[in-house]
Amino acid sequence: RRLLVEDEAAETLVAGIIDESVWKAFEARQLVVKKCNQHCDLHGENVLVKDDGEMLVIDYGDVRPAHASLDMVALELSLLFHTKNVRGAWHWPSEEQARMWHDVSFYTSGSAAEPFVAACRSAAFRLAAGPREVYASAYAYALRQLKYRDTDKALAGAILQCAVSQFE
C-alpha cells in the first residue's frame, strides 16, 4: 500500500470506511508478495490497440519494482476510476456488486465488462504470490482512488472493504 499511498494519507482516507481498529490490525499484517518491475500507471489510455488487435503499452514514467499483481488489478479497476471511465455509460457496478468484487460473476453481472474483468483478474491471480497479494493490490488501488476529488467514494470504499474482508 505504501507504494501508492503514504501512511498519513492512508489513515485520513480510510476514516469512516473501515473501523479504525480493524484497519490498524489489517495494516499491521505481513504479506509475502512476488516483486517485479511494474508499469504502476496501467490504465486503458496507456494501452493502445491497433486495427489488427495488436496492443502497445505506453507511458513508462512510473515503472518500478512492485507486487506482481498490481498492474492487472489497476488495469481492471481503471474501468471504474480513470477520469475517462466507462462506469457512467454502463451504470455498472452497483455498490452491492462492488462489495462483492471478489466474485467476478456477481461483480460483472449485467455488464459487458465481464470478459475484460475476468482476463485481468485471472492474470492478477496467476502472477501473484497468492490470493492475498491480489486483495492487497485492490485495497491499495481503491484506497489511492479516495484521494481524488471526482472519485465515487462509495464505490472505492466498497471495493476497499471487500479486499480487506477477503484478505482474511
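Right above here is the structure, for reference.
Since the structure is predicted, the reported quantities are computational estimates derived from the model, not experimental observations.

Participant: Sorry, what's going on with the overall build of the protein here?
Facilitator: The number of helices and strands found in the protein is nine helices and four strands. What you see in the protein, going N to C, is helices and strands ordered as α-α-β-β-β-β-α-α-α-α-α-α-α. Taking 2.2 N^0.38 as the reference for a compact globule, 168 residues should give roughly 15 Å; the C-alpha atoms of the protein span a radius of gyration of 15 Å, in line with that estimate. Its C-alpha atoms put the protein at 50 × 35 × 30 Å along the principal axes. Among the 168 residues that make up the protein, the fraction classed as buried is 44%.

Participant: It is not clear to me how the pattern of salt bridges should be interpreted in this structure. Could you clarify?
Facilitator: Where charged atoms from two side chains of opposite charge come close, those side chains can pair. Applying the stated criterion across every chain yields a total of eight salt bridges. Residue K50 pairs with E54 through a salt bridge whose shortest N-O separation is 3.7 Å. Residue K50 is classed as partly exposed on the basis of its relative accessible area, which comes to 44%. Of the charged contacts in the structure, one is a salt bridge between E95 and R99, with a shortest N-O distance of 3.5 Å. Taken together, the residues E95 and R99, both in helix α5 (residues 95-99) and four residues apart, mark about one turn of the helix. The exposure class assigned to E95 is partly exposed, which follows from its relative accessible area of 40%.

Participant: Explain the nonpolar core here, please?
Facilitator: A general feature of soluble globular proteins is that nonpolar side chains tend to end up buried together. Among the nonpolar cores identified, the biggest contains 51 residues, and L77, L80, W101, L143 and I159 are the most heavily contacted of them. Where this core is concerned, the elements lending two or more residues are α1 (7-14), α2 (20-28), α3 (70-81), α6 (104-108), α7 (114-127), α8 (131-145) and α9 (153-167).

Participant: Honestly, the environment of A98 in this entry has me stumped. Any pointers?
Facilitator: Along the chain, A98 turns up in helix α5. For the pair formed by A98 and A163, sequence separation is 65 residues and the distance between their alpha carbons is 10 Å. Look past the residues within four positions of A98 in its chain and what remains in contact with it is P93, Y107, L155, A158, I159 and C162.

Participant: Just to check I follow, could you spell out the packing of aromatic side chains for this structure?
Facilitator: How two aromatic rings sit relative to each other is set out by the distance from centre to centre and by the angle between their planes. If you walk through the whole model with that rule in mind, you get six aromatic pairs. Ring geometry for F26 and Y139: centres 4.6 Å apart, planes at 65°, overall edge-to-face. Note that F26 is positioned in helix α2 and Y139 in helix α8, a separation of 113 residues in sequence. Given a relative accessible area of 9%, F26 falls into the buried group. The buried category is assigned to Y139, whose relative accessible area is 2%. Put simply, the rings of F26, Y139 and F167 pair up and form one aromatic cluster. Over the face of the ring belonging to W101 we find R121, whose NZ or CZ atom lies 3.7 Å from the ring centre. When the ring centre of F167 is taken as reference, the NZ or CZ atom of R132 above it lies at 5.1 Å.

Participant: Looking at this model, I keep getting lost on α7. Mind explaining?
Facilitator: Because an α-helix completes one turn every 3.6 residues, residues spaced three or four positions apart along the sequence face the same direction. The first and last C-alpha atoms of α7 sit 20 Å apart over 14 residues, in line with the 20 Å expected at 1.5 Å per residue. Those residues of α7 that sit buried are V117, C120, R121, A123 and A124. Seen along its axis, α7 keeps its buried residues to an arc of 160°; they face one direction. Facing away from the buried side of α7 by over 90 degrees, the exposed positions are P115 and R126. Buried-residue contacts for α7 involve α3, α6 and α8.

Criteria and cut-off values
- In every chain, residue numbers begin from 1 and rise along the written sequence.
- Per-residue local features are limited, in this predicted model, to residues with pLDDT of at least 70; the limit for side-chain atom pairs, both in listing and counting, is 80 or more; totals at the level of whole chains, interfaces and linings are taken over all residues.
- Heavy atoms from the whole structure form the basis of all side-chain values; hydrogens and water molecules are not counted.
- Elements are defined by DSSP. Helices are runs of H or I of four residues or more, strands are runs of E of two residues or more, and each kind is numbered from the N terminus.
- Two things to know: the radius of gyration comes from C-alpha atoms, and the globule rule equals 2.2 Å times the number of residues to the power 0.38.
- Each residue is placed in one exposure class: buried if its accessible area under a 1.4 Å probe, protein chains only, is under 20% of its type's maximum, exposed if it is over 50%, and partly exposed if it falls in between.
- Every case where a carboxyl oxygen of Asp or Glu lies within 4 Å of a side-chain nitrogen of Lys or Arg is listed as a salt bridge.
- Nonpolar cores are built from buried Ala, Val, Leu, Ile, Met, Phe, Trp, Tyr and Cys residues. Side-chain atoms within 4.5 Å join them into one set.
- Pairs of residues are marked as contacts when any of their non-hydrogen atoms sit within 4.5 Å.
- Whether two aromatic rings pair depends on their centres lying within 6.5 Å, for rings of Phe, Tyr and Trp, where Trp uses its six-membered ring; planes under 30 degrees apart make the pair stacked, over 60 edge-to-face, and the rest tilted.
- In this scheme, Lys NZ or Arg CZ marks a charge over a ring once it lies within 6 Å of the ring centre and within 35 degrees of the ring normal.
- What a helix should span is 1.5 Å times the count of its residues minus one.
- The directions considered for the arc are those from the helix axis to the C-beta atoms.

Coordinates in, geometry out; function isn't part of it.
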